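Architecture at a glance
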Amino acid sequence: MVATDGWMLAAADASLSLLLLVVHSAPAPNYGSLFLSLASNDTAALHLRALTLHPHVAGTRANSLTAAYVRDAFSSLSIPAHITPYSVLLSYPVERSLSLAVPGRATTTSFALSQETYPNDPYASATAEVMPTFYAYAASGSVSAEAVYANYGREEDFAYLASRGVDVAGKVAVARYGRIHCEDIVHNARVAGAAAAVVYTDPLQYGGAPGEAWFPDSRWLPPTGVQVGSLFRGVGDPTTPMWASSEGCERVSVEEAMDTDDMPGIPALPVSARDAAEIHAALGGDAAPADWQGREGSPVYRLGPGPAILNLTYTGNDTMATIENVFAVIEGAEEPDRYVILGNHRDAWTFGASDPNSGTAAMIELAQRLSVLQKQGWRPRRTIIFCSWDAEEYGLTGSTEWVEENREMLSSRAVAYLNVDVSVVGPVQDPDNSSQTVYDSWVKSNISPLDQAIPYIIRYTMTSCGWRNSEIQAASIWGMMALRLADEEILPFNYMSYPVELEAYTKVVENEVGGTAISCSPLHNAIRALKTAATKVNGERKELQRQLSSNQLKKDSMKIRSLNDRLMQAERAFTNREGLFKQEWFKHLVYGPSEQNDWESASYPGVENAIASARKENTTESWKFVQHEIHRVARAITQASVVLAGSLT
């Protein structure tokens, strides 16, 4: 799963966006070449093994040990490292049960709610340490009610059930993963009136073709495999909404935090494909539509309600716990007050071998190579900060608390944030050519995969970068990006593609509001101004680079500092302190999650949220608000133009 985690998508003042293309130039050849020559999978593999010997859920002793391991790994490289703790609200399971009853059937099926190990699993003994499958922050309670099948649990799925006369109120909604996150599935179930929810991994998405093998013989989820997660729809510590969870801070009570709309409010459990198959077999009612059905050969999925009755009990322990972020810093020589930040979360629901600790191993491997460069005399122009986040799985908690605590410093000093959680996961499809993987595209090109990777990752916001080889390739690409951002005199940001992409997003909005009085002219006008400003600043960059190469300009010239500040700050102009409509914590008006789906980043998310509300309410005021959101985005784009241009109006 590509996670939308990390500081770039969590921080209000994110400094690097989807479309900032890195200019094609290289860091000092000697250090860049040396960095690439130092790749070693042996050390990365050792780090990965050490980090994944035991399950390490946030707030547990096992995860505290991983924090100490990462800190010590950085310290052993002579990179100063420290741990910053926070007290936050986390959630753990106490009691779970699920059973299936059918009127007229003599026996009741009690589900084990456990994941089976495979024969000769060398780590079978360690699985006893795995926390029982659960949903963090699910409401405690017991429900006995008829089951209703709700497809992917989207708003439109529940709307379809209503149109078919299928009453969800008071029932147990049964939905499958595949289109939106579990927290949105359960939220939508509650809004539809469901008393509880069960979410499962359908073989259509997670089981491969009929008859195909599953793990460990292939990548597919075993029949008893369960995907767990958090049902908190916010970010950060729920007891300190919008401010840092620092010592002695103001807090809302646990009861108040659990009673907000960001919490699920109903009991819910994740279950396996095997358990869900029994539930489906007991459901009656009309057959579900074709696009609600399972994979070829599966039984017919029916809508219900009933006659299947699910008896669900969940008791959770929602409690304050200590989490630990780990930081290591290589101070910059010329611009120590400018930060290039590299991040990866460390906590995992189980062992975390792929997500996130393949990324953690890559980050330590990257740091090890930089430590060798330091011994050869290298010092970065700007400060490099390594961040190992805690409690990401609960809701970007560790990164959020740190950003909230350091918001003003980061807003003026952070150059870029590069996050990798999954560095080894398998082939990644090329968005520009669906017939091949990204790696295949790189190999077929005349440009090396490394040179291709840098602009690609920025363009498509690969915050969880999945390379098909090993941690060392991830470390190489990640590190070369960091070297360029930290070492080049002029920041390698190019805003020229922004106007092109924004026009494409604006056309999507125009299609969505067709037939209404809504005008997108403010957006078009603002985008034209941005294009003019981007062209101007590109010309300035080229001229300063010419002067640098001909020794007409000193490297510490204020002209360079001024240009870099504009390149760095222009991205901040797309943010707004009031945040997105209905998602106030997220500040970026061009990119971010939408209220309907935080599975992936949306374009103009506030506008999208407003359009969704207007379609529901269909009032003059609701459509007027859509126009307001369009103006908000246009103003942000205009501000970015002003910052890039570098002159007052």
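Here is a short report on the structure shown in this document. Owing to the predicted nature of the structure, the values given are computational and were not obtained by experimental measurement.

What follows is about the nonpolar core. Of all hydrophobic cores here, the largest spans 88 residues; its most connected members are Leu370, Phe386, Tyr604 and Ile637. In terms of residues, this core owes the most to one element, helix α15 (residues 471-487), which gives 10 residues. Both domains that furnish three or more residues to this core are identified here as domain 1 (31-89 + 320-429 + 436-487) and domain 3 (496-645). Formed by 82 residues, the second largest nonpolar core is a distinct cluster that contains Ala136, Ala138, Tyr200 and Phe327.

Closest axis-to-axis distance for the helix α17 (residues 521-549)/helix α18 (residues 558-569) pair is 11 Å, and the angle between their directions is 150°. The element α17 and its partner α18 pack so that their crossing is left-handed. Contact residues: α17 offers Lys536, Val537, Glu540, Arg541, Leu544 and Leu548, while α18 offers Lys559, Ile560, Leu563, Arg566 and Leu567. Looking at the contact of α17 with α18, its residues break down into 6 nonpolar, no polar and 5 charged.

Here Asp202 is to be found in the loop between β7 (196-200) and α7 (203-206). The exposure class assigned to Asp202 is buried, which follows from its relative accessible area of 0%. Among the polar contacts made by the side chain of Asp202, one reaches the side chain of Tyr301 at a distance of 2.9 Å. With residues up to four places along the chain from it excluded, the contact list for Asp202 reads Arg176, Gly207, Gly294 and Tyr301.

Glancing now at the packing of aromatic side chains. Across all of its chains, the model carries 19 aromatic pairs by this definition. Ring geometry for Tyr160 and Trp292: centres 5.2 Å apart, planes at 55°, overall tilted. Taken as a pair, Tyr160 in helix α5 (residues 155-163) and Trp292 in the loop between α9 (273-282) and β10 (309-330) lie far apart in primary sequence, 132 residues in all. By relative accessible area, Tyr160 is classed as partly exposed at 25%. You can call Trp292 buried: its relative accessible area is 4%.

Rules and cut-offs
- Residue positions are given per chain, counting from 1 as you read along its sequence in written order.
- Owing to the predicted nature of the model, reporting of local features is limited to residues with pLDDT of at least 70; listing and counting of side-chain atom pairs is limited to 80 or more, with chain, interface and lining totals taken over all residues.
- The side-chain quantities take in all heavy atoms of the structure and omit both hydrogens and water.
- In this description, a nonpolar core means a group of buried Ala, Val, Leu, Ile, Met, Phe, Trp, Tyr and Cys residues linked to one another through side-chain atoms lying within 4.5 Å.
- Relative accessibility decides the category of a residue: with a 1.4 Å probe and only protein chains considered, values under 20% of the type maximum give buried, values over 50% give exposed, and everything between is partly exposed.
- Each helix corresponds to a stretch of at least 4 residues labelled H or I by DSSP, and each strand to a stretch of at least 2 residues labelled E; elements are numbered beginning at the N terminus.
- Boundaries between domains were set according to an automatic or database domain assignment.
- Axes here mean lines fitted to C-alpha atoms, for a helix over just the part in contact, with angles spanning 0 to 180 degrees between N-to-C directions.
- Whether a crossing is left-handed or right-handed is set by the direction in which the near helix is turned from the far one by less than a right angle, anticlockwise for left-handed and clockwise for right-handed.
- Contact between two residues is taken to exist if any of their heavy atoms lie within 4.5 Å; hydrogens are not considered.
- Throughout this entry, Asp, Glu, Lys and Arg are counted as charged residues, while Ala, Val, Leu, Ile, Met, Phe, Trp, Tyr, Cys and Pro are counted as nonpolar. The remaining residues, Gly among them, count as polar.
- Each polar contact in these results corresponds to two N or O atoms within 3.5 Å; when the atoms are within protein, one needs to be able to donate a hydrogen and the other to accept it, and residues that are neighboring in sequence are counted only if both atoms are side-chain atoms.
- Working definition: rings of Phe, Tyr and Trp (its six-membered ring) pair if their centres are within 6.5 Å, and the pair is stacked with planes under 30 degrees apart, edge-to-face with planes over 60 apart, and tilted otherwise.

No statement about biological role is implied by the geometric values presented.
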